[in-house]
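Understanding the architecture of this molecule
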Amino acid sequence: MKRKWVGLGLTALMVSSLSSPAAVLASESFDLTIMHLNDHHSHLESQTYDVSLDYDDAQEGEKVRLELGGMSYISSLINEYKNDHSLYLQSGEVNGTLYFSLYKGETDIKVLNALQPDAYMVGNHEFDEGDQRLADLYDMATFPVLSGNIKPTEKSPLYGKLDKPYMIKEVNGEKVAIIGVVKIEKTKESSLVSDDVDFINEIEFVKSAVEDVKEQGINKILVLSHLGYDFDQVLAAETNDIDLIIGGDTHNLLDSSGEMKDLGLPVTGEYPTVVKNADGKDTYIVQAWEYAKVLGKIDLTFDEQGEVISAAGKPIAPVNGPYQINVDSKWVDADETAVANIKAAIAKSNVLVEGNTNPVVEEIIAPYKEAVEAEMATVIGTVKETLTNERVPKPFTDVKDANGSFAAQVVADSFLYGLPHADLAIQNAGGVRSTFLQGSFTMADAYTMLPFSNTVTTLKLTGEEVSNVLDEAIRYSQGITQSTGAFPYASHLRYDVYLNAGDDVKSVYNVEVKDRETGEWSPIDLDKTYIVATNSFTALGKDGYVTFEKAVQRDPGVKEETHIEYAVPLVELFTKYLNGGELVKPSADSYSIKSVKEWQSEQTEGSEGSESTEAPAGESSETTEEVKTYTVVKGDTLYSIAKKTLNNGMLWKQIYELNKDTIKNPSFIYPGQVIVLP
């Protein structure tokens, strides 16, 4: 009988472990090597990247520009490390470059067919072209695709295709379970998945799947996750019997050697990260950055009882030339001596290797690459200085320290050039997939920057609704979903920002609008109606932009589809509107973020030196400790509440312990529920 997947646990363990042949203790330890990749986002080729590499004794912290990663190099590494006790696992996603914009995942699947993952777990972006396109890609795949907690209904073209919640893989005579799981909220809000696809609660699904595979006598359990680094840690802490979580979604580079950090790469945690599970045992977590830049490789050793007794590994970055060095603030080709020194430094590194191409993968990509290059090689302008694409800005108060996604700001600006009737524009940072690099800007750069199949949309909103949607997007960009791409940037609109703001205060304040005719800034009029340009994705209310959706539900007439393709305004910005086609950094006066402060630190600063107040008349002046509470809102988790109120998401357990009488399961809280805070 086919097992029904429900939100609660599966059938209890019915057979004694001693009666199951698969559960008989192995006579020896068992070694398992896991190679893993995540979030390649259609980055099939190597990417130009600058690293700090000590190749010259006369310098310190010298920079080298080289080619990093790419599926050809990655596949060669996989082939090199593959053996009879290894697995190669991949956590999605596709979409992010011209290869997807033009071929909608076809090239990706053909490359993955060559790599032959032992298991692939889809991510939220696999749904970017809707259910039918994902069904088409599924049919092209010759490797196992896990559905995890995704449950297509009979109405979806994915029904009968995404039907493998987990798989059992035999490795060197031992059975290993691989359970897939994807983040529900982000998939629903940050893709075009249809309402014909249902989902099972992430943590409850994994618990059920773990019990199911244990019933089969399997004691080596892996989770191929697309939940994100923080959520993976929560999953590890709330479950038992998971040996390793292979993560994705949040693009974390993990490394314990210190070498990746020394190279100037953005390390955010240990490899592997270790979390105590509900039984107090270790669960290991790994992730391999992004865009096929590195291959993760971890070696596990299990004892006779199936317990992990050793877990060690690292991310490995394949690199190669052409190598360039910085001389007098200009990049020049490295000479023969410098190249020899660079190669020697790479050879000494524990995390860098010289990349070798894979002819099979090269041959797959070649015809697509030729077509892409022919169409997109045209130079349409120049960028005066590199403009960053850091999604969530860091705190600053002085405009000279302004940071964040200047790239998203430019995209928002481009919308208004072609829409003279619009008053302002709002762009989510995640909808912009690269930086504006100094130098020539091509058609390919524009489509790589804006690869999604979006169009430009306008909405008629009140000033209050504009303020609300900014607040929603900023809040959504934080918390356990880590949907940092939701953070809003704007044109002809600017505002001060509080990060991690309390529920009783707006994340944005001092909101101003620039008049298109006079160029003057003035406070937003909460009652006035503004025409807001945005992309069609956020116009649907996706990425936390709930007020957009509510406005359309209230009156469908407020929404107008321009049918202008997403990248067209950016192309026209260079070809029609910029003086000489040269893009310069947005001025401090026009940049949408005026300042950024952490709400909790702001409150602490504001309370310093404050005087105590007298008790109200009729009340005792004897003080008792005030009970702090929090009212749950939609999208909250205990992790996000802990991060928001205690400035540390990992303190969610303290909240749970205080509220065990009312919170029976830490994964299930509901809007309106009042919880006590430490």
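Here, the structure is the one placed above.
Residues numbered from 1 in each chain as written. Predicted model: local features only at pLDDT ≥ 70, side-chain atom pairs only at ≥ 80, totals over all residues. Heavy atoms only, no water.

Below, the discussion takes up the overall build of the chain. Within the chain one finds 19 helices and 34 strands. Taken over 678 residues, the chain has a buried fraction of 54%. Here the contacts in the chain between residues at least 6 apart in sequence split such that 74% fall between residues at least 24 apart. Summing over all exposed atoms, the chain offers an accessible surface of approximately 29,500 Å²; the carbon and sulfur share of this is 48%. (Helix = DSSP H or I, 4+ residues; strand = E, 2+ residues; numbered from the N terminus. Buried < 20%, exposed > 50% of the residue type's maximum accessible area, 1.4 Å probe, protein only. Contact = heavy atoms within 4.5 Å. Areas by Shrake-Rupley, 256 points an atom, 1.4 Å probe, with all protein chains shown as cover.)

Our focus in this paragraph is the sheet that holds strand S21 (residues 379–383). Strands sit in the order S23-S21-S31 across an open sheet of 3 strands; the sheet is mixed. For this open sheet the edge positions go to strand S23 (439–442) and strand S31 (582–583), each flanked by a neighbour on one side alone. Two strands pair when backbone bridges link them, and S21 and S23 are joined in this way by 4 bridges, in the antiparallel orientation. Note on S23: the bridge partner recorded for Thr-382 is Ser-440. (Pairing = 2+ DSSP bridges.)

It is worth spelling out the sheet that holds strand S25 (residues 488–491) at this point. The strand order S25-S22-S29-S24-S30 describes an open sheet built from 5 strands, whose pairing is mixed. A strand with exactly one partner marks an edge of an open sheet, and here the two such strands are S25 and strand S30 (559–565). Along the sheet, successive strands turn relative to each other by an average axial angle of 30°, direction set aside. Judged from the 4 bridges that link them, strand S22 (residues 424–428) and S25 form a sheet pairing that is antiparallel. Opposite Gln-427, over in S25, you have Tyr-489 as the bridge partner. Strands in contact with helix H15 (residues 546–554) are S22, strand S24 (455–462), strand S29 (529–535) and S30; relative to S24, the strand with the most contacts, it is inclined by about 75°. (Axes fitted to C-alpha atoms, helices over the stretch in contact; angles between N-to-C directions.)

Taken as a whole and judged by the stated rule, the model has 2 cavities of 30 Å³ or more. Of the volumes computed, that of the largest cavity is approximately 310 Å³. Contributing to the lining of the largest cavity are 26 residues, with His-125, Ser-190, Gly-430, Arg-433 and Phe-452 lying nearest its centre. Counted by class, the lining of the largest cavity contains 4 nonpolar, 14 polar and 8 charged residues. (1 Å grid on protein atoms, 1.4 Å probe; cavity = no way out; pocket = protein on both sides within 12 Å on 5 of 7 lines; lining within 4 Å. Points joined across faces, edges and corners; volume = space filled by probe spheres on them. Nonpolar A, V, L, I, M, F, W, Y, C, P; charged D, E, K, R; others polar.)

This part takes up the packing of aromatic side chains. Applying the stated rule across the entire model yields 14 aromatic pairs. Three or more aromatic residues joined by ring pairs make a cluster, and in this case those are Phe-406, Phe-487, Tyr-489 and Tyr-591. A cation over a ring is seen here: Lys-220 above Phe-302, with NZ or CZ 5.7 Å from the ring centre. A cation over an aromatic ring shows up here: Arg-494 above the ring of Trp-521, its NZ or CZ 4.1 Å from the ring centre. (Phe/Tyr/Trp six-rings, centres within 6.5 Å; stacked < 30°, edge-to-face > 60°. Lys NZ or Arg CZ within 6 Å of the ring centre and 35° of its normal.)

Moving on to the pattern of salt bridges. Throughout the structure, instances matching the rule amount to 29 salt bridges. The partner of Asp-282 in a salt bridge is Lys-276, and the shortest N-O contact between them spans 2.8 Å. For Lys-276, a relative accessible area of 49% corresponds to the partly exposed category. As a salt-bridge pair, Lys-400 and Asp-401 come within 3.4 Å of each other at their nearest N and O atoms. A single network of salt bridges, built from pairs that share partners, joins Arg-494, Asp-496, Glu-512, Asp-589 and Lys-594. (Salt bridge = Lys/Arg side-chain N within 4 Å of Asp/Glu carboxyl O.)

Turning our eyes to something else, we now look at the packing of helix H3 (residues 106–115) against helix H10 (residues 359–376). Helices that pack against each other are described as a pair by the angle of their axes relative to one another and the distance between those axes. Contact geometry of H3 with H10 gives a least axis separation of 9 Å together with a crossing angle of 170°. When the interaxial angle is binned, H3 and H10 end up roughly antiparallel. Where H3 abuts H10, its residues Glu-106, Thr-107, Lys-110, Val-111, Ala-114 and Leu-115 lie against Val-360, Val-361, Ile-364, Ile-365 and Tyr-368. Its residues placed into classes, the contact of H3 with H10 shows 8 nonpolar, 1 polar and 2 charged. (Parallel < 35°, antiparallel > 145°, perpendicular 65-115°, else oblique.)

Further remarks concern the side chain of Ser-156. With respect to the helices and strands, Ser-156 occurs in the loop between strand S7 (150–152) and strand S8 (166–171). A distance of 3.0 Å separates a polar atom in the side chain of Ser-156 from a polar atom in the side chain of Asp-131. Excluding anything up to four places from it in sequence, Ser-156 contacts Asp-131, Asp-196 and Val-197. (Polar contact = N/O pair within 3.5 Å; in protein donor to acceptor, adjacent residues only side chain to side chain.)

On to the pairing of strand S27 (residues 508–514). Both strand S26 (residues 493–499) and S27 contribute to a ladder of 4 bridges, which runs antiparallel. Bridging from a neighbouring strand, Asp-496 pairs with Tyr-509 of S27. Relative to strand S28 (residues 521–523), S27 is paired through 3 bridges, and the arrangement is antiparallel. Note that in S28 the partner of Lys-514 across the bridge is Trp-521.

Another aspect to go through is the nonpolar core. Counting 173 residues, the largest nonpolar core has Leu-222, Ile-426, Phe-436, Leu-493 and Leu-570 as the members making the most contacts within it. For this core, the element with the highest residue contribution is helix H11 (residues 406–417), accounting for 8 residues. Among the nonpolar cores identified, the runner-up in size contains 25 residues, and Leu-68, Leu-263, Ala-345 and Ile-346 belong to it. (Core = buried A, V, L, I, M, F, W, Y, C linked by side-chain atoms within 4.5 Å.)

Moving on, we come to the environment of Gly-296. Its place among the elements puts Gly-296 in strand S17 (residues 295–302). Leaving out residues up to four positions away in the same chain, Gly-296 has contacts with Ile-34, Met-35, His-36, Tyr-271, Ala-288, Lys-314 and Pro-315.

Attention now moves to a negative patch on the surface. Residues Asp-54, Asp-57, Glu-60 and Asp-262 make up a contiguous surface patch of negative charge. Following the sequence through the fold, Asp-54 ends up in the loop between strand S2 (47–52) and strand S3 (63–68). Residue Asp-54 is classed as exposed on the basis of its relative accessible area, which comes to 61%. (Patch = residues over 30% accessible without salt bridge, like charges linked within 9 Å, V, L, I, M, F, W, Y side chains within 5 Å. Lys, Arg positive; Asp, Glu negative; His and termini not counted. Charge placed at Lys NZ, Arg CZ, Asp CG, Glu CD.)

Here S21 pairs with S31 via 2 bridges, running parallel. Its bridge partner being in S31, Thr-382 is matched across the sheet by Glu-582.

All right, on to the environment of Leu-68 then. Within the secondary structure layout, Leu-68 lies in strand S3. Sequence separation between Leu-68 and Val-319 is 251 residues, and the spatial gap between their C-alpha atoms is 4.6 Å. Residues contacting Leu-68, with those up to four places away along its chain left out, are Ser-46, Gln-47, Tyr-49, Trp-289, Lys-293, Ala-317, Pro-318 and Val-319.

Turning our attention to helix H6 (residues 202–215). Over its 14 residues, H6 runs 20 Å from end to end, which matches the ideal 20 Å to within 8%, given 1.5 Å per residue. All of the buried residues along H6 are Glu-202, Ile-203, Glu-204, Phe-205, Val-206, Ser-208, Ala-209, Val-210, Asp-212 and Val-213. On the buried face of H6, the contacting elements are S8, strand S9 (174–182), helix H5 (184–189), strand S11 (221–226) and helix H7 (229–238). Sitting at the head of H6, Asn-201 places a side-chain oxygen 3.2 Å from the backbone nitrogen of Ile-203. Once H6 finishes, Gly-217 follows within two positions and takes phi at roughly 80°, a positive value. (Expected span 1.5 Å × (residues − 1).)

What follows concerns the packing of helix H13 (residues 463–476) against H15. Direction vectors running N to C along H13 and H15 enclose 140°, while the axes themselves pass 7 Å from each other. Put simply, H13 runs oblique to H15. Across the interface between the two elements, Glu-465, Asn-468, Val-469 and Glu-472 of H13 pack against Val-546, Thr-547, Phe-548, Ala-551 and Arg-554 of H15.

With that settled, consider H11. In this model H11 runs 17 Å from its N-terminal to its C-terminal C-alpha over 12 residues, within 8% of the 16 Å that 1.5 Å per residue would give. For H11, a buried count of 10 out of 12 residues is recorded, marking the element as mostly surrounded by other parts of the structure. Here the buried face of H11 lies against S22, S24, S25, S29, helix H16 (568–577) and S31.

That's the geometry; what it means functionally is another story.
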